[in-house]
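Examining the three-dimensional arrangement
The primary structure of each chain is shown beneath.
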Amino acid sequence: MSLTAGIVGLPNVGKSTLFNAITKQNILAANYPFATIEPNVGIVTVPDRRVDFLEELYKPKKTIPATFEFTDIAGLVAGASKGEGLGNKFLSHIREVDAICEVVRCFDDGNVTHVNGSVDPVRDVEIIDLELIFADLEVAETRLSKMGRKAKLSNDKEAKAEALLLEKVRGTLLANKPLRSMNLSEDDLKLLKSFNFLTIKPIIYVANVNEDDVVSGNSYVDKLKEYAEKEGSSVVVICAKIEAELSELDDEDKKEFLKDMGITESGLDKLIKQSYSLLGLSTFLTAGPDEVRAWTFKNGMKAPECAGIIHTDFQKGFIKAEVMSFDDLEEYGTEAKVKEAGKLRLEGKDYVMQDGDICYFRFNV
């Protein structure tokens, strides 16, 4: 299951430095706008101690962790919705991602030019919000002009429902509020999905700070958190420079580095987990002597759908799923003891998969 978070932000906020650290790819990270002209895509592994535990227990021939995709998108400037900077290209690239990670500068550094001349995280966020709102407003009004006429001239219930919803969307955007601030139902979201609105996408704000502020934060971070809290979004504090250094270390040196700094988890690991969670994703696992593997699924998926993630034949011919929870396996130590304790279950087609389920699918095609 491939889902993507786009890394966005104004120029020179640390996006490309962060992306380099995420993917260990040496893309251009320069101190001027538009150093990243085309979006760069990188695959990262989702940190999961359960995979490490299963690897130690089963000693498999190979281990495959869950992965997540990040796209680094060129820096936006004011006026992008009207084509300024890389305007239309920037906006089209955002339309293609499932969630947004917005890197916000929360550090002072006279050697790194700020595109607006000063550091103000809330202003910077509002610049991007406004450009995305303008782009969404254009889409909504164009559709309304067509659908509104159809709704008035006919008794088409679907057209009327769509026009009514788009009027609410338009009103929200005219109030300079992103669509994610609306209380939209599942039916509303389905109706709006084809429009690919930018401000409806879930968002995480990434506060990029100096090395000295990575533990305690600073006043810039406080302002950003206050802003994010109002719209129900979260903030992850990182230092892109530190993350770049960490990406060059092996696991043991990385742990020692973090320990010396008084940090239990790197900013990138937090960001990856938050992005995974933001999209409503969870992990089920398969384990044995040949392979230990983590599989990504959307919360609410049933056992046959999850079986289909492994192979379409598994879903077509699904019979049952043998399921044990990771917590039970960790508690009892072996599969045999989990069975003895009566904790191994046979689940049918209506079983809703849970995060941490360890599965063996029975099927017949």
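Residues numbered from 1 in each chain as written. Predicted model: local features only at pLDDT ≥ 70, side-chain atom pairs only at ≥ 80, totals over all residues. Heavy atoms only, no water.

Our next topic: the state of the cysteines. Two cysteines whose sulfur atoms are joined by a covalent bond form what is called a disulfide. Taken as a whole, this structure holds zero disulfides when the rule is applied. Left unpaired, Cys-359 is separated from the closest cysteine sulfur, that of Cys-306, by 7.3 Å. Take Cys-359: its relative accessible area is 8%, and that puts it in the buried class. (Disulfide = S-S within 2.5 Å. Buried < 20%, exposed > 50% of the residue type's maximum accessible area, 1.4 Å probe, protein only.)

On to the sheet that holds strand β6 (residues 203-208), then. In sheet architecture, strand pairing relies on hydrogen bonds along the backbone and comes in two forms, parallel and antiparallel. If you trace the six strands from one edge of the open sheet to the other, you get β2-β4-β1-β5-β6-β7, paired in mixed fashion. On the outer flanks of this sheet lie β2 (40-45) and β7 (234-238), each paired with one strand and no other. Averaged over neighbouring strand pairs, the angle between their axes works out to 25° when direction is ignored. With six bridges joining them, strand β5 (residues 99-105) and β6 adopt parallel strand pairing. What sits directly across from Arg-105, in β6, is Asn-208. (Pairing = 2+ DSSP bridges. Helix = DSSP H or I, 4+ residues; strand = E, 2+ residues; numbered from the N terminus. Axes fitted to C-alpha atoms, helices over the stretch in contact; angles between N-to-C directions.)

A separate point is the confidence of the model for the chain. Mean pLDDT for the chain: 86, with 87% of residues reaching 70 or above. When the criterion is pLDDT under 50, residues 83-87 qualifies, and its contacts beyond four places in sequence or with other chains add up to 10 contacts. (pLDDT = per-residue confidence, 0-100. Contact = heavy atoms within 4.5 Å.)

This next bit is on the nonpolar core. Residues Leu-18, Phe-68, Phe-70, Tyr-205 and Leu-271 are the most contacted members of the largest nonpolar core, which totals 71 residues. Membership of the second largest hydrophobic core comes to 17 residues, among which are Leu-144, Leu-173, Leu-184 and Phe-197. (Core = buried A, V, L, I, M, F, W, Y, C linked by side-chain atoms within 4.5 Å.)

What the rule picks out here adds up to 10 aromatic pairs. Summarising the aromatic geometry, the rings of Phe-68 and Phe-70 are spaced 5.3 Å apart at their centres and angled 65° between planes, so their arrangement reads as edge-to-face. Neither residue differs from the other here; Phe-68 and Phe-70 are each classed as buried. The rings of Phe-284, Trp-295, Phe-297, Phe-318 and Phe-361 are connected pair by pair, giving a single aromatic cluster. The lysine or arginine in question, Arg-293, covers the ring of Trp-295, its NZ or CZ lying 4.0 Å from the ring centre. (Phe/Tyr/Trp six-rings, centres within 6.5 Å; stacked < 30°, edge-to-face > 60°. Lys NZ or Arg CZ within 6 Å of the ring centre and 35° of its normal.)

Before going further, it helps to spend a moment on unusual backbone geometry. If you check the backbone angles, Lys-59 has positive phi at about 50° while not being a glycine. Along the chain, Lys-59 falls in the loop between α2 (49-58) and β3 (62-64). Assessed through its relative accessible area of 57%, Lys-59 is described here as exposed. In this structure, Asn-176 is a non-glycine residue whose phi angle is positive, near 60°. Along the chain, Asn-176 falls in the loop between α5 (157-174) and α6 (186-192).

Let us now look at the pairing of strand β8 (residues 281-287). Across the seven residues that make up β8, a large majority, six, are buried. Pairing geometry for β8 and strand β9 (residues 291-298), over seven bridges, is antiparallel. If you follow Thr-286 over to β9, its bridge partner there is Arg-293. Where β8 folds back onto β9 in an antiparallel hairpin, the turn is made up of three residues.

The end-to-end C-alpha distance of helix α7 (residues 219-230) is 17 Å, a good match for the 16 Å that 12 residues give at a rise of 1.5 Å each. Gly-232 lies just past α7 and shows a positive phi near 75°. (Expected span 1.5 Å × (residues − 1).)

With that settled, the discussion passes to α5. In a regular helix each residue adds 1.5 Å, so 18 residues correspond to 26 Å; α5 covers 26 Å between its end C-alpha atoms and thus fits that length. Those residues of α5 not exposed but buried are Ala-159, Glu-162, Ala-163, Leu-165, Leu-166, Val-169, Thr-172 and Leu-173. Positive phi shows up at Asn-176, right after α5, with a value of about 60°.

Moving on: the pairing of strand β4 (residues 67-72). Within β4, five of the six residues are buried, which leaves it mostly tucked inside the rest of the structure. As defined by bridge partners, strand β1 (residues 4-8) adjoins β4 across four bridges and the pair is classed as parallel. Bridge pairing in β4 links Ala-5 to Phe-70. Two elements, β2 and β4, share six bridges in a ladder whose sense is antiparallel. Following the sheet pairing, Thr-45 is matched in β4 by Thr-67.

One pass over the full model with this rule turns up 18 salt bridges. The partner of Lys-61 in a salt bridge is Asp-290, and the shortest N-O contact between them spans 3.3 Å. Placement of the pair is Lys-61 in the loop between α2 and β3 and Asp-290 in the loop between β8 and β9, with a sequence separation of 229 residues. On the basis of relative accessible area, Lys-61 is assigned to the exposed category, the value being 71%. (Salt bridge = Lys/Arg side-chain N within 4 Å of Asp/Glu carboxyl O.)

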